[in-house]
Amino acid sequence: MEDEIQSPRQRQSEDDIQERLLELEQIYQTVPIGLCFLDTDLRYVRINDRLAAINGQPVSAHIGRTVREIISKIAPTVEPLLKRLIETGEPVLNLEVYGTIPAEPGVERAWLNDYYPVKSKNGNVVGIAVVVQDITQRKQAVSQETYRQFLDFVQSLDVMIWEADAATWQFTFVSQYTEVILGYPVEQWLKEPDFWIKRIHPADREQTVASCLNAIAEGRDNDFEYRFTAADGRVVWLRDIVSVIQDTTGRVRKIRGVMVDITQQKQAEEKLAKNALSDRLTGLANRTLLLDRVLRSMKRRDRHQDYLFAVLFLDLDRFKMINDSLGHN
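Every value quoted in this text rests on a predicted model; they were computed, and no experiment measured them. Counting of residues starts from 1 at the beginning of each chain's written sequence and follows it residue by residue. Per-residue local features are limited, in this predicted model, to residues with pLDDT of at least 70; the limit for side-chain atom pairs, both in listing and counting, is 80 or more; totals at the level of whole chains, interfaces and linings are taken over all residues. Hydrogens are left out, water is left out, and the side-chain values use all remaining heavy atoms of the structure.

1. Some details on a nonpolar patch on the surface
Thinking step 1. What makes a patch is a set of residues exposed beyond 30% relative accessible area and free of salt bridges, joined within 9 Å when like-charged and within 5 Å when nonpolar (Val, Leu, Ile, Met, Phe, Trp, Tyr). Where accessible areas are quoted, they stem from the Shrake-Rupley method and a 1.4 Å probe; at the residue level, only the protein chains shown are allowed to cover. A carboxyl oxygen of Asp or Glu within 4 Å of a side-chain nitrogen of Lys or Arg is what we treat as a salt bridge. Residues L290, L295, M298, F309 and V311 make up a contiguous nonpolar surface patch of roughly 440 Å² in combined accessible area.
Thinking step 2. Here a helix means four or more residues in a row that DSSP labels H or I, a strand means two or more in a row labelled E, and each is numbered from the N terminus. The residue F309 is located in the loop between α12 (287-303) and α13 (319-327) in this model.
Thinking step 3. Judged by its relative accessible area of 31%, F309 is partly exposed. Only protein chains enter the accessibility calculation, which uses a 1.4 Å probe. A residue is then buried if its area is under 20% of the maximum for its type, exposed if over 50%, and partly exposed in between.

Okay, here's the thing in structure tokens:
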């Protein structure tokens, strides 16, 4: 009878324990992160409302069921990690998981999962404590900042960077430097259908478009040169380095490219070619060009017996003195 009688101190101690358990339960259910406890068979023993909502089923539907039964989509990724945790006793931390929840099926979300071993007094793993944090907003903020930094970097480059739909060739992005070189506002590139095709130089248009179409059809990158009419009427030589972007089925969805202004390079090449075939003093055809034309005429005569040609030699009085004194330099 005496053993059944509790002292006031014992009753107070039990009341304190119950109060603390209630406090812990309230924290467990109201904390803004997902919590659960799994046994060594990966069955749910306990779970809070937050994690149950993330998994899309009530708390009662979890108890006694396995991870694979509740979250079948990510089970192939999670199960091997949890089994290794049970074998080694080492926690699995910072596992990022992506997906949707039933309440917002069209919204991609991100979670950060931590798995901690729960051990008995002798050190054996008897279960797993799971902590799940929704990091969607954090990821979005990082993504937005990363995109802003990337966009700032792209806009600072002295090249023309673009992206377009592979099916319609409608531009979806054009860097600001394009306006500097070609004079057209970025909005015009983005809104006007066939903008790019219409402004390719007529002599280059058919071959350039065909080259691009073939590259898209074959799913390969391409690199080509063509002339483009700028907003002020100038003809600008462009080198276009194009990459194709394919989806998981291999279909080309987007094309991306870098346009480089090579006008000065082309002008230098033309000047070199002209200098190689003309006299620097008079600008007339030089001996190299004369011999080339004579050889061509001789070959044509070999193919066509009725073809005749002649070489006319003209001498200018006292020009040798001018040529000897000025022409060689």
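2. As for the pairing of strand β6 (residues 160-165)
Thinking step 1. Counting buried positions along β6 gives 5 out of 6 residues, so the element sits mostly inside the fold.
Thinking step 2. Pairing between β6 and strand β10 (residues 252-261): 6 bridges, direction antiparallel. Note that in β10 the partner of D165 across the bridge is K254. Here, strands pair whenever DSSP counts at least two bridges between them.

3. With respect to empty space enclosed by the protein
Left-over empty space is what a probe sized like a water molecule reveals as it rolls over the atoms.
Thinking step 1. Definitions used throughout: a 1 Å grid over protein atoms alone; a cavity as a set of points that fits a 1.4 Å probe which cannot get out; a pocket as an open set with protein on both sides within 12 Å along at least five of seven lines; a lining residue as one with an atom within 4 Å of a point. Grid points are joined across faces, edges and corners, and a volume is the space filled by probe spheres set on the points. With the rule as written, the count across this model stands at 1 cavity of 30 Å³ or more.
Thinking step 2. Volume-wise, the largest cavity comes out at about 140 Å³.
Thinking step 3. Taken together, 17 residues line the largest cavity, and the ones lying closest to its centre are A164, W169, F171, W196 and I255.
Thinking step 4. Elements with a contribution of two residues or more to the lining of the largest cavity: β6, α9 (195-199), β9 (235-246) and β10.

4. With respect to the pattern of salt bridges
Thinking step 1. Enumeration over the complete set of coordinates arrives at 16 salt bridges.
Thinking step 2. Among the ionic pairs, E163 bridges to R256, the shortest N-O distance being 2.5 Å. Remark: R256 occurs in strand β10 and E163 occurs in strand β6; sequence separation between them is 93 residues.
Thinking step 3. For E163, a relative accessible area of 15% puts it in the buried group.
Thinking step 4. By relative accessible area, which is 37% here, R256 ends up partly exposed.
Thinking step 5. Of the charged contacts, one joins E269 and K266 as a salt bridge, the two residues approaching to 3.9 Å between their closest N and O atoms. With E269 and K266 both in helix α11 (residues 263-277), this residue pair falls 3 residues apart, about one helical turn.

5. What about the nonpolar core?
Thinking step 1. Nonpolar cores are built from buried Ala, Val, Leu, Ile, Met, Phe, Trp, Tyr and Cys residues. Side-chain atoms within 4.5 Å join them into one set. Grouped together as the largest cluster of nonpolar side chains are 29 residues, with contacts concentrated most on L182, W189, W196, F228 and I255.
Thinking step 2. Contacts of I255, omitting those with residues within four sequence positions, involve W162, E163, A164, A166, W169, I216, V242, S243 and V244.
Thinking step 3. Membership of the second largest hydrophobic core comes to 24 residues, among which are C36, A52, V67 and W111. It only takes one pair of heavy atoms within 4.5 Å for two residues to be counted as in contact.

6. Here's the deal with the sheet that holds strand β5 (residues 125-134)
Thinking step 1. On the basis of which strands lie adjacent, the open sheet formed by 5 strands has the order β2-β1-β5-β4-β3 and antiparallel pairing. Looking at the sheet topology across the chains shown, the edges are occupied by β2 (44-47) and β3 (92-101). The sheet shows a mean angle of 25° between the axes of neighbouring strands, taken without regard to direction.
Thinking step 2. Looking at chain direction, strand β1 (residues 34-38) and β2 are connected through 3 bridges and run antiparallel. Bridged to L38 within β2 is Y44.
Thinking step 3. Here helix α6 (residues 136-156) sits on the sheet and contacts β3, β4 (104-119) and β5; the angle it forms with β4, its principal contact strand, is near 115°. Think of each axis as a best-fit line through the C-alpha atoms, taken over the contacting stretch in the case of a helix, with angles from 0 to 180 degrees between the N-to-C directions.

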